[in-house]
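Notes for the structure review
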Amino acid sequence: NFRSILFCMKRLILLFSVFLVSACTTEPAMNPDPNHTHADFAMWVSGTPVDFTQEKYMSAAPYENPDGTWTYPTEDPKRKYLHLHDENGTVIHRHKPGLMLVEFFDSLGITLAKDCVTLDTKEKLCNTDAARWRVFVNGEEWPFQPTYVFNDVDAILLTYGGTDEQIASQLD
């Protein structure tokens, strides 16, 4: 009969609408492996970004074997658990909990110390009255701590000698 067909049609439309709304409001995916975390990062020196997309900073991406174990194809043991890959110079990959920012930069040939950073070019940049290192984590300024252990999806900015206006732009 027409009324029962109309009733069923209304129910189907309602169910479809609920399904559509629930499908469009998704939560960010949770990381299934707490040992594999990522952080966005950038380093700026005197208003110029350091280009970490260069091949010298890249590692081959690790891959999972059929038995569930992982292969880390990098030749440098420092880059086994902390590295960049796929020509993406803005995402740190960490495959072991507790590793510090200083260890990541060390794997790239960059030395972080209390008040100085020595780039892989051997240029040493230390805090002075004219310029200093500033660090921002998720938009908040932090003390310069080379021993910082990042959390999954942190956004980290290390900047040296930039003006407040430049830093505001770097944080965007």
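What you are looking at is a predicted structure, and each value in this text was computed from that prediction instead of being measured.

**Comments concerning the overall build of the chain**
- Scanning the chain for helices and strands turns up three helices and 12 strands.
- Residues classed as buried in the chain amount to 31% of the 172 residues present.
- Long-range contacts, defined here as pairs at least 24 residues apart, represent 54% of the contacts in the chain between residues at least 6 apart.
- For the chain, the computed accessible surface area is about 11,200 Å², with 58% contributed by carbon and sulfur atoms.

**Quick word on the pairing of strand S10 (residues 133–137)**
- Most of S10 is tucked away, with five of its five residues classed as buried.
- On S10, burial covers both faces: Trp133, Val135 and Val137 on one face and Arg134 and Phe136 on the other are all buried.
- As defined by bridge partners, S10 adjoins strand S12 (residues 154–160) across five bridges and the pair is classed as antiparallel. The residue of S12 that forms the bridge with Phe136 is Leu157.

**Focus on the sheet that holds strand S7 (residues 111–112)**
- Here we have three strands laid out as an open sheet, ordered S7-S8-S9, and antiparallel in their pairing. Across the chains shown, the open sheet's two edge strands, defined by having one partner strand only, are S7 and strand S9 (124–126).
- Pairing between strand S8 (residues 116–118) and S9: three bridges, direction antiparallel. Within S9, the position partnered with Cys116 by the bridge is Cys126.

**Some details on the side chain of Arg94**
- Secondary-structure assignment places Arg94 in strand S6 (residues 91–94).
- Notably, Arg94 is buried but unbridged: the nearest opposite-charge side chain belongs to Asp152, and the N-O separation is 6.9 Å.
- At 2.8 Å, the side chain of Arg94 and the backbone oxygen of Phe150 are in polar contact.
- Apart from the residues within four sequence positions on either side, Arg94 is in contact with Asn35, His36, Thr37, Tyr81, Leu82, Leu99, Val149 and Phe150.

**What about the state of the cysteines?**
- Summed over all chains, the structure comprises one disulfide.
- Across the disulfide, Cys116 is cross-linked to Cys126 (sulfur-sulfur distance 1.9 Å). Since a negative S-S torsion denotes a left-handed disulfide, the Cys116-Cys126 link at about 110° is right-handed. With Cys116 in strand S8 and Cys126 in strand S9, the pair connects residues that are 10 residues apart, well separated along the chain.
- On the accessibility criterion, Cys126 (23% relative accessible area) is partly exposed.

**Some remarks on unusual backbone geometry**
- A positive phi angle is found at Asp86, which is not glycine, with a value near 60°.
- By the element assignment, Asp86 lies in the loop between strand S5 (82–83) and S6.

**Some details on the environment of Lys124**
- Topologically, Lys124 is positioned in strand S9.
- On the basis of relative accessible area, Lys124 is assigned to the exposed category, the value being 56%.
- In this structure, the C-alpha to C-alpha distance between Lys124 and Leu112, residues 12 residues apart in sequence, is 9.9 Å.

**Examining the packing of aromatic side chains**
- Overall, the coordinates contain nine aromatic pairs when judged by the stated rule.
- An angle of 40° between the planes, with centres 5.0 Å apart, marks the rings of Trp133 and Tyr160 as tilted. Of the two residues, Trp133 is situated in strand S10 and Tyr160 in strand S12; the sequence distance between them amounts to 27 residues. The burial state of Trp133 is the same as that of Tyr160; both residues are buried.
- A network of ring pairs unites the aromatic residues Phe41, Phe52, Tyr57, Phe104 and Phe105 as a single cluster.

Basis of the calculations
- Residues numbered from 1 in each chain as written.
- Predicted model: local features only at pLDDT ≥ 70, side-chain atom pairs only at ≥ 80, totals over all residues.
- Heavy atoms only, no water.
- Helix = DSSP H or I, 4+ residues; strand = E, 2+ residues; numbered from the N terminus.
- Buried < 20%, exposed > 50% of the residue type's maximum accessible area, 1.4 Å probe, protein only.
- Contact = heavy atoms within 4.5 Å.
- Areas by Shrake-Rupley, 256 points an atom, 1.4 Å probe, with all protein chains shown as cover.
- Pairing = 2+ DSSP bridges.
- Lys, Arg positive; Asp, Glu negative; His and termini not counted.
- Salt bridge = Lys/Arg side-chain N within 4 Å of Asp/Glu carboxyl O.
- Polar contact = N/O pair within 3.5 Å; in protein donor to acceptor, adjacent residues only side chain to side chain.
- Disulfide = S-S within 2.5 Å.
- Phe/Tyr/Trp six-rings, centres within 6.5 Å; stacked < 30°, edge-to-face > 60°.

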